[in-house]
Each structure stands twice: as structure tokens, then as C-alpha cells.
Amino acid sequence: MGVMENPVYVENVGVSNERKKSKSSKLCHRYSKGKWETKESCLVCDSQYCSNGVLRAMVSMPEGRKCVGCIGKAINEVNRLKLGKNPRVLSQLLSALEVKQIMKAERECFVNQLQPGQLIVNGLPLNPEEMAELLGCALPPRKLKPGRYWYDKESGLWGKEREKPDRVISSNLNFMGKLSPDASKGNTGVYINGREITRLELRSLKLANVQCPRETHFWVYDDGRYEEEGQNNIRGNIWGKASTRFFCTLFSLPVPNGHHDGLRDEAGNTHPVSNYPDKKRVLRLLLVGLEGAGTSTILKQAKFLYGNKFTNEELLDIKLMIQSNMYKYLSILLEERERFEEEELSMSTEEASDSKDTEADEDVESKQTIESTYALNPKLKHFSDWLLDITATEYFLSRAIELSSLEYEPSEQDILFAEGFTQANGLAFVEFSLDDRSPMSETYIDYVEAPPLPLTRYQLIRVNAKGMKEGCKWVEMFEDVCAALFCVSLADYDHMSLAPNVNDSGNLHQNKMIQSKELFKTMVKQPCFKDTPFILILNKYVVFKDKIERVPLHTCEWFHDFNPVRTKELTLADQAYFYVGMKFKDLYTSITGQKLFIWQTRARDRENIDEALKFMREVLRWEEEKGEYCSAGAEDSFFSTD
């Protein structure tokens, strides 16, 4: 079955591109009327819809104001400044909260963001890692548009190519491009960090009483301190005086705001991490794992467990995330089915041409061709099983009509099954309290009726694994965490996914368990986690127990030496679980020389997550009282097979 080049959507979904082009831009593209009525435009194709047609054409708007046929497509760059602004018609049809969530989804949706290749910095286009570093730094450039820019790594100055600097961003960002002397098209003969400055910059230097004859080369740092190249002698601060800062503002030149090299809150994508004055009473815990490992489910369970209810705004955000994910699942399934069908047709055609000399019944051949074309071949079945296994798409796709409704409200189970915590799926946290009474302490056993001790507050912070790459500077903001919880899906030992190539030559398919191993090594080797205890959370044991009977563990090359012994005491799944735990434990010990704590979880089982978090509390207690607990009983507490 070939691909339709110009798909025509049915009447209750959208309109075709041909129909859109044939109508006047002043008319509604759905009803061809309302010439003088205010309309809402699609950010991709600029089709306009009146108040009667906008909700029918755009439905639930998981990516903002887009026709259904435009979902998943990049926006027209002309409309970039409109992202999240001026919903003229929607504000008349929907509640203020719904409009706010749609605008938030529009701003934060991944497909609506600038792509790395659209930004050229210091003469070279950014790669995905550089783009992530730029947008994830403490002071990112605001309102970015596609174009060519220059960046001074030492001072943090940033501007459009061949123009004066227009802002100060975080310094020391690692881009491949090097700053050119004529980056800002200066002609003053005075250089800052190798760039010839403009006349306005020269004037501001003179107002700051900086002696700068021609052919002077200065070295300027991000806080304004400066020195002549090769002198190693700080001569002052360019922006130290209020009068200098005033004149810079007057000339539209940027001035540092005093904040450097931190971590921003991911531009509003998720909740920012709070800073508490009394840090002794708030223990921060870091939760990290690959996509699909179950970190978001654990975070949501913690929120449900300890009385942190989802607000109406959060529920609406989750609703949009579920609807967006559902469209993504449908798109993936349809695209892969079509690709496999084309491959099967191609193979059938080749086999038919090779067997012309063989006598066969034409009717039988025709029937077999049709069956091979439309039947679910083994490759497609394997792909479908993988997709359903890691994303629980069957749960949502079976209710596609209900989920796409504007009246749909996510249930508690929907929230747990949803893939991710927010649409951006970035930094997020949950706060909760646990009492200090431990079932392993004598006080708890002897005085059950004793009044409760003061509650200890915890902050469980979930970080997207993409941000924990080696060399990432903002990881240091987590140097004060009390424990790092690393989550691994046991069922991932036979899954393959795209992973960055270490040679930067593109992407490659890699076993997800190997990816978890490499991410684990990267985290453990971070200097800021040198004295931080690690807890390995082995998740999805139920799925693992079923799969291990069908797919051998040595499918993952890291587990090539697994040789189980059939016994009545331990099942194959139990042996495999202990083996995987020991592999991670040996790896951790070889790097740090310390012991790794391990716990088995079933993320959708609330009681199990409650036990896991209480085990974490005991780990922190053991770390506090190393002499008694670590030497006596920690070894027996590394694993749980409940």
C-alpha cells in the first residue's frame, strides 16, 4: 500500500491542504464563511477557523493551536512569536484554566521548539547536546529565533552575527564553533577575548575609565573583571560602577545580572526545586533512570501516598500529555505497519520473479500475497509487543474516543499509566514527610504507644536521564542530595533503542540495559556524588518474571555468563534478579569501593513503593550510624525478593 501524498481528512476531523489553499484567507477553512469574524489560526499551515469550527478542526490541541492533520509537524517560523499568546477565539469558548493549559502545551511541546540545526553559533550549527546545554543553562537566551549568532565563552556575551552583543548568558558553554575576531563586525582595533568590539562597546569602556588604545587585547570574565592579555593582573570591573551600568542600558548593551553557572527551572517546563533555609530538616533525594524505567510512576505514587494531591492545573497538564501520547502511539503504529507492509510486498514481488519457472496455482499465489501483505508478520508483531510492553499503549488506545473528548478527566489509574510526569518530562519533584520511628529500632518495638516523633521532610527530585550526560555542569546542583535512587527496568534486557554514538558520528541502536549500565557509571563517577549513597531500584519484576521464561537473559551481552540452576527454592526469575543485582553491585564496588543498596519494586503497586521509600529512610539512617548498622546488617539488606 503506497503512501498518499495529499491525504484528505474526513469532515469531522479537519480539511485537506488542497481545500485550504482554495479558500480565501479571510474565510473559515472549515465552513467557508465568517469573513469579518475573529478567527484562530493553525501555527503550521496558517489555516483560519471561526468559533464554530476551531474546536472541531483542532480537537483537544495537545500541541497547541494546530489542525489535527498538522499535529506532529514543526510550526511555521513566522508564527514563533505567537506561541502561547493571544488565543482570541479560544478564550471565548473555553475556561481560563483550559486556555492556560493549551497555551502552556503550545510553548513547551517538543515539536514546537527550535531544532538544533536552526541555530548557528560561531559559524557552526548546534548539535542536540549543545542545544540542550544552551537551553538548560542558568541564563539561556530568551526568545530565540533561527539564525546565526556569536558567543563569547569567557564573558558570556551573546549576539547576532555581525551585530553588537544584546545579552549576557551563562559562560563556559561548550560549543564546537570558535569565536571569530569579526563576529560583531567591529572596527575599533580593541579586542575582548579575541573579538574586535563595536564603537558602542568602546564608548562604554571609556565611560568606565578603561584605558584602551588601538590594538589593545583584553581578557574579560563573566563577572566583569578584566585584564590585559598576558598580564595576569586584574585591573578592575567594567560594570562595577552604577553610572557605567546606566550608560550600557542607555546604549542597549547587556550587563551581567550577577547570577552565573547555575541551573534554571527548565523554562517553566516543570516545578522548580525549592530552596529551604533549614536544610537539616529537608533531605533531598535524586531519582534518575532511562525513559520507561518507571521513575515518573514512582514520583506519582509518592505524591498519592503522602497526601500531595494533584491541582486542577496539574491534572489538565496530565490530560494534555495523555492525549498527546495517544496521538504519538497511533502515529508510530500506522507508520511502522505501512513500512512493514511495503517490505513484505517487496519481498513477495522478488520471490514471484525468481519462481517464474515453477508451476503454481495463480489463485493460491494471489491469496498468499494478500495474506502476507495484510497479516501481522513476525517483525511487526515483535515491534507491536515492544511498544505495548514499554508504554502500556493498549490501556489508552482501547479508549481512544473517550480520551480525545474535551470532557475527559484522567482517573488515578490513568495518571499512573501515563508515560511521563509532565509534557516536558524534565525536572520535577514531590515533597513528603516520614516519621523517624523505624521498625528496626528497639524504641519502636518496645514503645509502640509512644507519641510520634517529629516528621522528617523529604524532597524526591526526578531528573530526565538526558540531562545526566558526562561533563554536564548543572549536575553539581545536586551535590547536597542525601541519596541517589537509580531506577532500572528489569524487562529492558532485550529491548533496543537509539543511543548517542560515543564517536559523535550519529546514532546507533543499543541494548537498553547496556544504556542503563553506562548511565549508572556516568552518575557514579560524578565528583559531586563521591560521598553519596546509591540505591539501585530494580523495577518491573512481574513483567521480567514472565519474559525470562521466553527470552533468555543472555540476550543482553552484559549477561552472557548467566548460568541458572533449576532448584525448588529459587525460580529462574529469582536467580536472574539476583544475578542482575550482583552485576550492578560489582560495577559499583569496582568504581567506588563501597556497597550498593538494592531494592525490588513494582512501580504500579502503591504499597510496594511505600516500602521502597521506607527502605530508603533506613539506608539514610545506616549512613548516619555507620559503625552499628553498616558493619552489622547492611549486607543482608541489599536485596529483597518479596
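Computed from a prediction, not measured in an experiment: that's the story for all the values here.

Criteria and cut-off values
- Residues numbered from 1 in each chain as written.
- Predicted model: local features only at pLDDT ≥ 70, side-chain atom pairs only at ≥ 80, totals over all residues.
- Heavy atoms only, no water.
- Salt bridge = Lys/Arg side-chain N within 4 Å of Asp/Glu carboxyl O.
- Helix = DSSP H or I, 4+ residues; strand = E, 2+ residues; numbered from the N terminus.
- Buried < 20%, exposed > 50% of the residue type's maximum accessible area, 1.4 Å probe, protein only.
- Pairing = 2+ DSSP bridges.
- Phe/Tyr/Trp six-rings, centres within 6.5 Å; stacked < 30°, edge-to-face > 60°.

A. Looking closely at the pattern of salt bridges. Applying the stated criterion to the full structure yields 22 salt bridges. One salt bridge in this structure joins R399 and D414, with 2.9 Å as the shortest N-O distance. Placement of R399 in the loop between helix 12 (393-397) and helix 13 (400-403) and of D414 in helix 14 (residues 412-417) is noted, with a sequence separation of 15 residues between them. Taking the relative accessible area as the measure of exposure, R399 reaches 19% and is therefore buried. We classify D414 as buried; its relative accessible area is 1%. With its nearest N and O atoms 2.9 Å apart, the salt bridge here joins K547 to D494. Within this pair, whereas K547 is found in helix 17 (residues 541-547), its partner D494 is found in the loop between strand 16 (483-489) and strand 17 (496-500), the two being separated by 53 residues in sequence. Both residues of the pair, K547 and D494, belong to the buried class. Salt bridges linked by common partners bring E40, R65 and E106 together as one network.

B. Region of interest: the sheet that holds strand 10 (residues 216-220). Taken together, five strands build an open sheet; the order of strands is 9-8-10-11-12 and the sheet is mixed. Edge positions in the sheet fall to strand 9 (195-196) and strand 12 (236-237), since each of these pairs with one other strand and no more. Summarising the sheet, strand 8 (residues 190-192) and strand 9 pair through two bridges and their orientation is antiparallel. When the sheet's bridge partners are listed, I192 is paired in strand 9 with R195.

C. Layout of the packing of aromatic side chains. Under the definition given, this model contains 24 aromatic pairs. Arranged with centres 4.9 Å apart and planes meeting at 20 degrees, the rings of Y306 and F432 form a pair that is stacked. Placement of the pair is Y306 in the loop between helix 8 (295-305) and helix 9 (312-354) and F432 in strand 14 (residues 428-435), with a sequence separation of 126 residues. Each member of the pair, Y306 as well as F432, carries the same accessibility label: buried. Taken together, a centroid distance of 5.0 Å and an interplanar angle of 85 degrees make the contact between W558 and F584 edge-to-face. Residue W558 is located in the loop between helix 17 and helix 18 (572-592), and its partner F584 is located in helix 18; the two are separated by 26 residues in the primary sequence. F584 shares its class with W558; the two are buried.

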